[in-house]
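# Geometric and topological summary
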Amino acid sequence: MAFLSGVQRLIRRSPLLHSHYASIRLSSTLTSPKLFVSGLSRLTTDEKLKEAFSSFGQLVEAKVITDRASGRSKGFAFVTYTAIEEAEKAREGMNAKFLDGWVIFVDPAKPREPRPPQQSQSQPSETGFTVNKTVGWCG
């Protein structure tokens, strides 16, 4: 952790490194109008996110991802615009800015990776026991 903060300090102090780092982060072009927002405060809501990003264009959706059990923010969100140009403006305007007291990072959203198909119901083994992979052995 200390190493990373030292590297971040070095990048911030050196204008050449800082601009190179920023250009690497912003170099990938958008292929869809959907953005991934990370570094959010646990207190950030969908409404606060919409309010912060609405000045860059027409929003289709601004969704903070929450934990199913607690209902609290997981610290990241997805923002979708009607056009890629609007998303690019939002990315440039909101990346490394403060929202609810936290520095947020805005990157292109990656397509969701396909999940492996679910296994069918467990079959009894040779001993007659069924395997429940989340709990253990059940009889």
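Throughout, residues of each chain are indexed from 1 in the direction in which the sequence is written. Residues qualify for local features only when their pLDDT is at least 70, as the model is predicted, and side-chain atom pairs are given and counted only at 80 or more; totals for whole chains, interfaces and linings, by contrast, use all residues. Hydrogens and water are ignored here; the side-chain numbers use all heavy atoms of the structure.

### What to know about the overall build of the protein chain
The helix count covers DSSP runs of H or I at least four residues long, the strand count covers runs of E at least two residues long, and both are numbered beginning at the N terminus. Along the backbone of the protein chain there are four helices and seven strands. Reading the secondary structure of the protein chain in the N-to-C direction produces α-α-β-α-β-β-α-β-β-β-β. Put simply, the protein chain has 139 residues, and 22% of those count as buried. Any two residues having at least one pair of non-hydrogen atoms within 4.5 Å are treated as being in contact. Across the protein chain, the fraction of contacts at a sequence separation of at least 24, relative to all contacts at a separation of at least 6, is 58%. Here, Shrake-Rupley sampling with a 1.4 Å probe gives the accessible areas, and only protein chains in the shown set may cover a residue. Element-wise, carbon and sulfur atoms account for 57% of the exposed surface of the protein chain, whose accessible area totals about 10,500 Å². Residue burial is assigned from relative accessible area. The probe radius is 1.4 Å, only protein chains are included, and a residue is buried under 20% of its type maximum, exposed over 50%, and partly exposed in between.

### With respect to the packing of aromatic side chains
The criterion for an aromatic pair is that two Phe, Tyr or Trp rings (for Trp, the six-membered ring) have centres within 6.5 Å, with stacked assigned to planes under 30 degrees apart, edge-to-face to planes over 60 apart and tilted to the rest. Applying the stated criterion across every chain yields a total of three aromatic pairs. Aromatic side chains F36 and F78 sit 5.5 Å apart centroid to centroid with 55° between the ring planes, which places their arrangement in the tilted category. In this pair, F36 sits in strand β1 (residues 34–38) while F78 sits in strand β3 (residues 73–81), placing the two residues 42 residues apart along the sequence. Classification of F36 by relative accessible area gives partly exposed; the value is 26%. One residue, K34, lies across the ring of F78, its end atom 5.0 Å from the ring centre. Definition used: whenever NZ (Lys) or CZ (Arg) falls within 6 Å of the ring centre and also within 35 degrees of the ring normal, the charge is taken to sit over that ring.

### A closer look at the nonpolar core
The definition of a nonpolar core used throughout is a set of buried Ala, Val, Leu, Ile, Met, Phe, Trp, Tyr and Cys residues joined through side-chain atoms within 4.5 Å. The biggest cluster of nonpolar side chains holds 19 residues, and the ones touching the most others in it are V37, L40, L49, F53, Y81 and I104. The set of elements that each furnish at least two residues to this core consists of β1, α3 (46–53), β2 (59–66), β3, α4 (84–94) and β5 (102–108). Once residues lying within four places of it in the same chain are set aside, the contact partners of F53 are V37, L59, V79, Y81, A90, M94, I104 and V106.

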